[in-house]
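Examining the three-dimensional arrangement
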Amino acid sequence: MNKHDVIVVGGGLAGLRAAVGLCRQYNVAVVSKVHPVRSHSVAAQGGVNAALGNAPEGRDDTPERHAFDTVKGSDYLADQSAVVEMCRMAPEMIYEFEHWGAPFSRLPDGRIAQRPFGGGGFPRTCYAADRTGHLMLHTLYEQIVKHQVRVYDERVVTRIVADDGQYHGLVLWNLKTGRFEGLASKFCVFATGGYGRAYRNSTNALINTGSGIGMALRAGITLKDLEFVQFHPTTQFGTNILITEGARGEGAHLLNNQGLRFMERYAASAMELAPRDIVARAIQTEIDQGRGFQGGYVQLDLRHLGKERICKRLPGIRQISIDFGDVDPVDEPIPVQPGQHYSMGGIDTDVTGRTNVPNFYAAGECACVSVHGANRLGGNSLLDTVVFGRLAAEAIAGRFSDFDRKPDAALVEAGVRSQIERVERLSGRGDGVPHHEIRNRLQTLCTEKVGIFRNQEDLAEAVRQIGLLRRQYQDVTLKTAPGPFNFEIVNLLELESLLSLAEITARGALARQESRGSHSRTDFPERNDAEWLSHSIARMEGDEVVLSYADVDVSRYEPQQRTY
Ligand SMILES: Cc1cc2nc3c(=O)[nH]c(=O)nc-3n(C[C@H](O)[C@H](O)[C@H](O)COP(=O)(O)OP(=O)(O)OC[C@H]3O[C@@H](n4cnc5c(N)ncnc54)[C@H](O)[C@@H]3O)c2cc1C
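Residues numbered from 1 in each chain as written. Predicted model: local features only at pLDDT ≥ 70, side-chain atom pairs only at ≥ 80, totals over all residues. Heavy atoms only, no water.

Comments concerning the sheet that holds strand β10 (residues 223-224)
Here five strands make up an open sheet; going across it, the order is β17-β15-β10-β20-β21 and the pairing mixed. The sheet is open, and its two edges are formed by β17 (367-368) and β21 (544-551), each paired on a single side. Where strand β20 (residues 534-541) lies against β21, eight bridges are found, and the strand directions are antiparallel. Paired with R539 across the bridge in β21 is V546. Each of β10, β20 and β21 is contacted by helix α14 (residues 487-511), which is oriented at about 50° to β21, the strand it contacts most. (Pairing = 2+ DSSP bridges. Helix = DSSP H or I, 4+ residues; strand = E, 2+ residues; numbered from the N terminus. Contact = heavy atoms within 4.5 Å. Axes fitted to C-alpha atoms, helices over the stretch in contact; angles between N-to-C directions.)

Considering helix α2 (residues 63-73)
Among the residues of α2, H66, A67, D69, T70, V71, K72 and G73 are the ones counted as buried. Of the surrounding elements, those touching the buried residues of α2 are β3 (48-49), α3 (80-99), β5 (123-126) and α10 (380-399). In the segment just after α2, D75 is the residue with positive phi, at about 55°. (Buried < 20%, exposed > 50% of the residue type's maximum accessible area, 1.4 Å probe, protein only.)

Focus: the side chain of E227
Within the element layout of this structure, E227 appears in the loop between β10 and β11 (229-236). If we skip the residues at most four places from it in the chain, E227 touches R454, T505, G508, A509, R512 and S536.

Structural notes on the pairing of strand β1 (residues 2-9)
Sheet analysis places β1 next to strand β9 (residues 179-190), joined by seven bridges and oriented parallel. The residue of β9 that forms the bridge with V9 is F190. As defined by bridge partners, β1 adjoins strand β2 (residues 28-32) across four bridges and the pair is classed as parallel. From the neighbouring strand, V9 faces β2, where its bridge partner is V31.

Some points on the site of the ligand
Around the ligand sit 39 residues in total, of which S39, H40, S41, E365 and S381 are the nearest. One nitrogen or oxygen atom from the main chain of G47 is found 2.8 Å from a nitrogen atom belonging to the ligand. Relative to its unbound accessible surface of 1000 Å², the ligand loses 98% to contact with the protein. At the level of elements, α1 (13-22), β2, β7 (155-163), α5 (211-218), β14 (334-343) and α10 are the ones that each hand at least two residues to the shell around the ligand. Looking at the shell around the ligand, its residues break down into 14 nonpolar, 21 polar and four charged. (Near = heavy atom within 4 Å. Polar contact = N/O pair within 3.5 Å; in protein donor to acceptor, adjacent residues only side chain to side chain. Areas by Shrake-Rupley, 256 points an atom, 1.4 Å probe, with all protein chains shown as cover. Nonpolar A, V, L, I, M, F, W, Y, C, P; charged D, E, K, R; others polar.)

A closer look at the nonpolar core
Of all hydrophobic cores here, the largest spans 72 residues; its most connected members are L170, F190, L223 and I347. When residues of this core are assigned to their parent elements, the largest contribution, 12 residues, is made by α14. Counting only domains with at least three residues in this core, you end up with domain 1 (2-228 + 344-399) and domain 3 (430-542). Filtering out sequence-adjacent residues up to four positions away, L223 remains in contact with I213, L217, G346, I347, D348, L501, I504, S536, I537 and A538. Grouped together as the second largest cluster of nonpolar side chains are 62 residues, V8, A50, L52 and M89 included. (Core = buried A, V, L, I, M, F, W, Y, C linked by side-chain atoms within 4.5 Å. Domains from an automatic or database assignment.)

Topic: the environment of S418
Inspection of the secondary structure puts S418 in helix α11 (residues 409-427). Between the C-alpha atoms of S418 and R159, which are 259 residues apart in sequence, the distance is 10.0 Å. Within polar-contact distance, the side chain of S418 engages the backbone oxygen of G415 at 3.1 Å.

Notes on unusual backbone geometry
In this structure, the amide linkage connecting V369 to the following residue, S370, adopts the cis form with an omega of 10°. Along the polypeptide, S370 turns up in the loop between β17 and α10. The backbone of M271 shows a phi angle near 50°, a positive value even though the residue is not glycine. Structurally, the position occupied by M271 is in the loop between β12 (253-255) and α7 (276-288). Phi at D326 is positive, roughly 60°, even though this residue is not glycine. One can find D326 in the loop between α9 (315-325) and β14. In this structure D326 comes out as exposed when scored by relative accessible area, which is 66%.

A few points about the sheet that holds strand β13 (residues 298-301)
On the basis of which strands lie adjacent, the open sheet formed by four strands has the order β11-β14-β13-β12 and antiparallel pairing. Taken across any chain shown, the strands that pair with only one partner, and hence form the sheet edges, are β11 and β12. Averaged over all adjacent pairs, the angle separating strand axes in this sheet is 45°, with direction ignored. Bridging between β11 and β14 involves six bridges; their strand directions are antiparallel. Within the sheet, the bridge partner assigned to H232 lies in β14 and is G339.

Okay, structure coming up:
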């Protein structure tokens with residue numbers, strides 16, 4: 001069995017940034033389901049926030065303003081010291097990328113260009129046209145190649161081996177050989193991304209199944225705030241491919257079927273650049289009240305920006321609209337509808353990425369620090385991945401020599417054997433339920449009952465039905481023989497996590513009798529700080545998931561009413 005000092009699971013921005021931070025001192029390996037540059041980070045479009053104050057209208061911007069906007073955007077559920085730290089580090093993180101050669105878009109004077117994003121009010125979002133994730137991930141991957149970091153790609157981690165509060169190693173399904181294998185290490189960082197694929201209408205890659213978060217839960221690691229799921233206001237009607245907020249940052253308008261810029265009813269001053277929770281609810285309300293277009297969408301109108309600006313600043317959006325919707329935004333508005341986009345909740349960590357298992361860390365979208373609280377601002381996730389990827393690396397480096405316990409390889413071997421036996425049992429079952437039937441039902445259920453607007457009746461029904469699906473999962477069967485590139489095994493094993501995460505999301509949403517950020521209860525429409533200014537915590541006790549609550553750090557800014 002191969003051994004490393006540190007294993008990073010995830011080849012997206014958070015994982016690669018953690019690996020780059022450790023690789024000069026330690027023997028580090030990156031494990032990823034896909035080649036690192038195919039991670040979902042590569043699809044990020046609109047940009048990354050940092051108070052550089054480069055744009056003429058944003059000269060007064062400061063990290064403090066960035067922090068305040070983030071806290072307000074989070075509906076006061078973010079932990080404020082963590083937000084302050086992230087925003088303080090933001091400019092340095094952008095310059096680090098610039099020095100590594102990241103080709104950001106530029107102002108005429110040569111400085112990095114910035115555009116406004118929702119909930120900011122300042123041009124604070126640095127970008128590379130509408131392909132920011134692509135350039136950042138490729139830039140970071142160059143560093144991985146330069147430092148010759150070992151990458152185990154096309155390996156799916158299926159189990160964390162932990163015992164008595166200590167992490168020892170991982171069990172991996174090797175897609176190329178069609179076999180399980182073990183890896184041991186002293187420290188581990190999970191950077192496995194979100195669980196958007198619990199929903200049918202998601203902007204996320206198909207690989208975003210939350211398997212890392214679910215596995216962590218089963219290994220005794222605590223999760224936080226799963227009921228806060230972000231719905232992006234503008235996804236392409238029908239396909240739910242993301243149409244970046246950068247389009248509205250460039251000045252695009254949202255129109256209903258009367259040709260009205262309806263945001264004036266919902267956020268009269270910020271208009272289209274209100275935070276995502278508010279814009280998504282506004283669009284859904286227009287659709288629900290009959291002011292949308294046939295089939296359920298509104299229009300995003302870019303025409304007044306002109307062809308040159310659209311082609312220069314939003315070339316990817318134009319191409320997506322033409323290729324997948326047969327609409328050229330130069331000539332016609334883009335049909336858009338809200339869709340699942342981001343997981344605010346995840347593995348509960350402190351600012352250094354540390355979890356309740358002392359040698360197990362998490363960073364990026366799979367983690368919940370929490371800097372996004374109940375609603376993330378656009379452009380803050382790319383920032384989160386690189387800030388907390390780096391801080392996790394620094395924390396591990398600082399604790400490496402003090403942590404003197406060695407991983408127990410025999411325990412990891414036993415973990416490998418138990419996974420082999422599990423797959424043998426699944427294959428020998430004959431007529432069980434195929435996994436995709438359960439997954440499809442789950443995705444429909446989450447979309448219909450745990451969506452933008454929620455209520456007691458729907459949520460209780462969702463919890464009940466997810467419980468039934470979990471029981472059906474006990475009889476799930478593997479139809480094809482294990483072997484190289486058998487994705488049925490991967491999909492089947494990952495469904496276990498998707499079911500648990502969906503259940504915790506629905507249970508947390510049912511319990512939380514208030515509306516805060518992305519969590520909007522029609523039966524409890526107000527935020528209720530007296531009873532609910534708290535993080536939801538989920539952990540396994542025996543076979544059961546138990547929910548509890550923890551304090552929010554409100555040490556910097558007093559919670560206020562949130563208007564835009
Ligand atoms: C379409 C789209 C556009 C976006 N645009 C923006 C934007 O403009 N600005 C912004 O701030 N945010 C944006 N976001 C959000 C942001 O891109 C993501 O939150 C962020 O990139 C997540 O990075 P990550 O490193 O945490 O995870 P990811 O990039 O999702 O990477 C996860 C990694 O984990 C690996 N992995 C997962 N499970 C396993 C397993 N079981 N075994 C082995 N490997 C595993 C995967 O292979 C992958 O390498 C966007 C998101 C989407 C979906």
